[in-house]
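# Coordinates in review
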There are 2 protein chains.
Amino acid sequence: MITEQSPNSTEKLRKNAISPTREENFPEWYQQVIKAADLADNSPVRGCMVIRPWGYAIWELIQKYLDAMFKASGHKNAYFPLFIPLKYFEKEAEHVEGFAKECAIVTHTRLQLDGKGGLRPTSELDEPLIVRPTSETIIGEMFSKWVQSYRDLPIKINQWANVVRWEMRPRMFLRTTEFLWQEGHTVHATDEEAQKETLDMLECYRTFAENYMAMPVICGKKSDSEKFPGAASTFTLEAMMQDGKALQAGTSHFLGQNFAKSSHIKFINENGREEFGWTTSWGMTTRLIGGLIMVHSDDDGLVLPPLMAPTQIVILPIYREDSKHQVLEYCKTLRTELSQMSLGGEKLRIEIDDRDIRGGEKSWEWIKKGVPIRLEVGLRDIQSGLVCVYRRDKLPRDKKFIPHVQFISSAADMLADIQTVLFKRAQKYREEKSKHIDSQEEFIEFFEQKNSGFVYTHWSGSDAVEDKMKSEFGVTIRCLPFTEASPGSCIFTGNPSKQKVIWARSY
Amino acid sequence: MITEQSPNSTEKLRKNAISPTREENFPEWYQQVIKAADLADNSPVRGCMVIRPWGYAIWELIQKYLDAMFKASGHKNAYFPLFIPLKYFEKEAEHVEGFAKECAIVTHTRLQLDGKGGLRPTSELDEPLIVRPTSETIIGEMFSKWVQSYRDLPIKINQWANVVRWEMRPRMFLRTTEFLWQEGHTVHATDEEAQKETLDMLECYRTFAENYMAMPVICGKKSDSEKFPGAASTFTLEAMMQDGKALQAGTSHFLGQNFAKSSHIKFINENGREEFGWTTSWGMTTRLIGGLIMVHSDDDGLVLPPLMAPTQIVILPIYREDSKHQVLEYCKTLRTELSQMSLGGEKLRIEIDDRDIRGGEKSWEWIKKGVPIRLEVGLRDIQSGLVCVYRRDKLPRDKKFIPHVQFISSAADMLADIQTVLFKRAQKYREEKSKHIDSQEEFIEFFEQKNSGFVYTHWSGSDAVEDKMKSEFGVTIRCLPFTEASPGSCIFTGNPSKQKVIWARSY
């Protein structure tokens, strides 16, 4: 028997834990959710953040799941230097007019006393070193040594690392000067094999985003103006945030032989002839955590899909001194029982919070941290044999009393249900905020709204249209989705169009 | 029934896979082992190395085991910025005469075309940034914000990160400009609790070194002149390499309130009074991989203790075209059966190497990579029902034929036996090369030998003696071992001594 208590009448009057709300000021709400969940802090270094344990534990889950998927598909991890010689960038610079790259440049290698109690840099380097903004060039240099024969191929390498791109307008997780990421780099003997790898990794990312992060994504190709410079084609996953903007959740690039040519990655093929390799690269970053926040969280703080929650069920003991022992022992039993249950092939992650702080304050802390299930355990609950259960995807006071044995056996299912609810909720939101549009007027009208969303239109491939939409409405083509490949005519030029594209404002 | 084949008569004449041998030239042997096992490569950036997949997989195992131990003892991971403002170093500089710090200094944040096809740094920073040589200061800054009350304590944080110390004489894994490490930083409410943490982490490191890396270590305290500047006391683990030198495998520092004072880490205690926190820090680095190589490897290359082997058993199919299918299917069955067996609570790591290269070449590759067990599977073995098994801790041609079923059920035990053999072998080597010495003459005589080893002597605490031994013999006090705490008199000064110390040359 399950007793359900409906939200009490004061519920409607209650204030939210996060101020401002999403509706009032989305960007500020985002910062406040991060702060309230102890995900990250600003650091004394402009643009760099400190990822606190709760935020880092989410990154560790991202790493764990993705890494297992990479390894299962035959990739191996390696580590390349943090510093890249300036001349590696000069190769690239030759081809890029008006080159200006924001990055961290190391020019000296020694600190000395300046005689006034301070320090000054000495030992200037002959050639400055760049702190890697990506490892493409230095990995290419190593690949050119490792690849000699078709027998050495494919090479499928991944690196987990920190990278630096100097940011003028930093935002936690979304745009920071230093960020953490993984970068996959592969070399193949044929065009087809490299193209397959590019799409396989996109599919790996989609699986991860949708099945683990409960974040619905649209897979597609970037337009030429949005693709990675030097790539033959760039593929992307685009997710919709709760302000209708798009976030690029990951990219996978097919580099053709372009990169092999500039890095001299050559091999002797089965017929004894020298050929350039075919390469790919693909990456996901700590920005995903920003996406996770903006897709699921609400006006009470972070909401975590169970598979991404460092703690999936938190147990809050409530006792007076005379019932302390009994309540705590009961909570430990609950933890032991729950820890034997599994979700997604792994044991549940359970925590007891026995800190000596007020009960209400403690509950709200866990709400703001987004833990999927919260149990409050008092003497009365023990005596009645019921567990008082709160789900983070419901209203904060919306509790159920579930018989102990029944709760233990159904806890993993309840977590799986929360995972599904969050995915479906995000998908429904995206669908409601997406529109197929056939006229310019309607297009303009759509993007004049606040928190507008995604627009599908036909487009004939004109860069000029893209430039105009970007400068006038701040709207770009997010991708040419795989699902929209039937012909029509461009709503801007009237020219024939091979497929619809998605337009949106973006992060 | 087990058929054993003794090494054949040509064995004694065979050349070793690594040239030079340990005896001929230990430092060069070390480099050649790294190269032959594909552990790492030099990079285009002086002092920085590329950690190749086989080397990085060993680092991943180090991370996995240590991380689990840290978490089990209540530590949480977090991430702090790569860059540290120069002024953080100035605090330290005030107290250090003749300050000179080798590090990477970032002075500019933008690259621009120089008009001659090249690039030059622009956008100079007002204050240079230092690439972290350690995160002590920036973590201290954050702790000073996070710690307010005794309720916030203890704080037990660990970080996995890359750090940079400009190296004039780099050596792969042992001394590189950039290296990977973990740094633990904790704050406690009392002296006792912080001291306990310091020793608990030392014990955690000892367990890891001895039980996982099969590397016997001596735990003890550093002398004042060898301790970390600013620490109240530094504890260390010292291991002996196969050239008799010591390698410091990890350190754990009790920082007293020194560090809390310079970083303003204060809290309100239970009585409402403000106090400084008591802090610790502790770390292990990629240098451990250098130690692993120098403790176990032989003149045929790397030797890996099974728990540290990315692949524990490699299966090498040997076939002609007409037996290919049958041999490969049999190998896959073997892999499936072996993968269900466990060592140290984890499934065995098995690989089939079916690359199209010569059998002899292939076998030697795996010998040089140090894989603990190698199976060679041909049609004849399948028909006889015997598995041809080579152990890396025996001579290269020393094989045993073991009945299939018996091998499967005993494979994990055989790996455990190799793990034990390697530990005991290293321990025996260390004991043979260690000597208790009671006179200066004998001390000098000992260290005049090549590959000398460890010396235990009484020592009364004089820095002058340490300085003299260092400059004259290149010998330092490695530690004051916990096991040698009975009194005597110093062999150099004749003064009373509280304990014996260990002297050695070191990495």
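Residues numbered from 1 in each chain as written. Chains lettered and ligands numbered in written order. Predicted model: local features only at pLDDT ≥ 70, side-chain atom pairs only at ≥ 80, totals over all residues. Heavy atoms only, no water.

## Focus on helix α9 (residues 359–369) of chain B
Residues spaced three or four apart along an α-helix face the same direction, because each turn holds 3.6 residues. Residue and element names in this part refer to chain B. Taken together, the buried positions of α9 are K362, S363, W366, I367 and K369. In the core, the buried residues of α9 are packed alongside α2 (53–72), β16 (313–317), β19 (350–352) and β20 (373–377). Within two residues after α9, G370 carries a phi angle of roughly 80°, on the positive side. (Buried < 20%, exposed > 50% of the residue type's maximum accessible area, 1.4 Å probe, protein only. Helix = DSSP H or I, 4+ residues; strand = E, 2+ residues; numbered from the N terminus. Contact = heavy atoms within 4.5 Å.)

## Let's talk about helix α1 (residues 26–36) of chain A
All names here are of chain A. When α1 is considered as a whole, its buried residues turn out to be F26, W29, Y30, V33 and I34. Viewed along the axis of α1, the buried residues span an arc of 140°, placing them on a single side of the element. Elements in contact with the buried residues of α1: β2 (40–42) and α7 (287–296). A distance of 3.2 Å separates the backbone nitrogen of E28 from a side-chain oxygen at the start of α1, and that oxygen is part of N25. (Arc of directions from axis to C-beta. Polar contact = N/O pair within 3.5 Å; in protein donor to acceptor, adjacent residues only side chain to side chain.)

## Remarks on the relation of the copies chain A and chain B
At an RMSD of 0.0 Å, chain A and chain B line up after a rotation of 180° and a shift of 0.0 Å along the axis. Between the two chains, the operation in question is that of a two-fold axis. Taking C-alpha positions as the reference, the residue of chain A nearest the rotation axis is V106(A), at 2.1 Å. Interface overlap between copies is the fraction of interface residues in one copy that are interface residues in the other; for chain A against chain B it reaches 100%, indicating a shared surface. (Least-squares fit on C-alpha atoms with pLDDT ≥ 70 in both.)

## With respect to the domain arrangement of chain A
Residue and element names in this part refer to chain A. By domain assignment, chain A separates into domain 1 (27–82 + 132–296), domain 2 (313–414) and domain 3 (434–504). For domain 1 versus domain 3, the separation of C-alpha centres amounts to 27 Å. Taken together, the 20 residues of domain 1 in the interface contact 18 residues of domain 3. Across the domain 1 to domain 3 interface the summed buried area is about 1,400 Å²; carbon plus sulfur atoms make up 62%. Considering only the surface of domain 1 that becomes buried against domain 3, I218, E226 and M240 emerge as the three largest contributors, covering 31% of it. Between the two partners, domain 1 and domain 3, sit one salt bridge. Between R478 and E238 there is a salt bridge, and its shortest N-O distance comes to 3.0 Å. Where domain 1 packs against domain 3, one counts six residue pairs in polar contact (both at pLDDT 80 or more). (Domains from an automatic or database assignment. Buried area = accessible area lost by both parts, 1.4 Å probe. Salt bridge = Lys/Arg side-chain N within 4 Å of Asp/Glu carboxyl O.)

## So, the environment of R287(A)
Residue and element names in this part refer to chain A. With respect to the helices and strands, R287 occurs in helix α7. The spatial distance from the C-alpha of R287 to the C-alpha of F179 is 8.1 Å, given a sequence separation of 108 residues. Excluding residues within four positions of it along the chain, R287 makes contact with F173, L174, L247, Q248 and Y507.

## Here we look at the interface of chain A and chain B
Of the residues lining the interface, 71 residues belong to chain A; the matching set on chain B comes to 71 residues. When the two sides are added together, the surface that chain A and chain B hide from each other amounts to roughly 5,800 Å², 66% of it contributed by carbon and sulfur. Here chain A and chain B share six salt bridges between them. Considered class by class, the residues forming the side of chain A that touches chain B number 44 nonpolar, eleven polar and 16 charged. Relative to strand β6 (residues 100–113) of chain B, strand β6 (residues 100–113) of chain A runs antiparallel, the two sharing nine bridges. Bridge pairing links L111(A) to K101(B) in β6(B). (Nonpolar A, V, L, I, M, F, W, Y, C, P; charged D, E, K, R; others polar. Pairing = 2+ DSSP bridges.)

## Looking at the packing of aromatic side chains
All names here are of chain A. Under the counting rule described, the total for this entry stands at 39 aromatic pairs over all chains. Aromatic pair F143 and W146: ring centres 6.1 Å apart, planes at 50°, arrangement tilted. Of this pair, F143 and W146 both sit in helix α4 (residues 136–146), three residues apart, which is roughly one turn of that helix. With relative accessibility at 2%, the residue F143 sits in the buried group. (Phe/Tyr/Trp six-rings, centres within 6.5 Å; stacked < 30°, edge-to-face > 60°.)

## Some thoughts on the pattern of salt bridges
Tallied over the full model, the rule gives 56 salt bridges over all chains. The salt bridge involving R151(B) is made with D356(A); its shortest N-O contact spans 3.3 Å. Linking R151(B) in the loop between α4 (136–146) and β8 (155–164) with D356(A) in the loop between β19 (350–352) and α9 (359–369), this pair reaches from one chain into another. Look at R151(B) and you get partly exposed, because its relative accessible area is 44%. In this structure, R206(B) engages E210(B) in a salt bridge whose closest nitrogen and oxygen atoms are separated by 2.7 Å. Here R206(B) pairs with E210(B), and both are found in helix α5 (residues 191–212), just four residues apart, close to one helical turn. By relative accessible area, which is 23% here, R206(B) ends up partly exposed. A relative accessible area of 16% means that E210(B) is categorised as buried. What emerges from the salt-bridge pattern is a single network uniting D38(A), R52(A) and K369(A).

## Thoughts on the packing of α1(A) against α7(A)
All names here are of chain A. Where α1 meets α7, the closest approach of the two axes is 11 Å, and the angle between their N-to-C directions is 110°. With respect to α7, the element α1 is oriented roughly perpendicular. In the packing of α1 onto α7, the handedness of the crossing is right-handed. Residues F26, W29, Y30, V33 and I34 of α1 form the contact with α7, whose participating residues are G290, I293 and M294. (Axes fitted to C-alpha atoms, helices over the stretch in contact; angles between N-to-C directions. Parallel < 35°, antiparallel > 145°, perpendicular 65-115°, else oblique. Left-handed = near helix turned anticlockwise from the far one by under 90°.)

## Some thoughts on empty space enclosed by the protein
By rolling a water-sized probe across the atoms, one finds the places where empty space is left. All names here are of chain A. Inspection of the entire model under this criterion finds seven cavities of 30 Å³ or more. Surrounding the largest cavity, W366, I367, V371, P372, I373, R374, Y390, R391, R392, K394, L395 and P396 form its lining. Those elements giving two or more residues to the lining of the largest cavity turn out to be α9, β20 (373–377) and β21 (386–391). A class-by-class count of the residues in the lining of the largest cavity yields eight nonpolar, no polar and four charged. (1 Å grid on protein atoms, 1.4 Å probe; cavity = no way out; pocket = protein on both sides within 12 Å on 5 of 7 lines; lining within 4 Å. Points joined across faces, edges and corners; volume = space filled by probe spheres on them.)

## Quick notes on the side chain of T107(B)
Within the secondary structure, T107(B) sits in strand β6. The exposure class assigned to T107(B) is buried, which follows from its relative accessible area of 6%. At 2.5 Å, the side chain of T107(B) and the side chain of T107(A) are in polar contact. Every residue in contact with T107(B), bar those within four places of it in the chain, is listed here: I105(A), T107(A), H108(A), S123(B), E124(B), L125(B) and P128(B).

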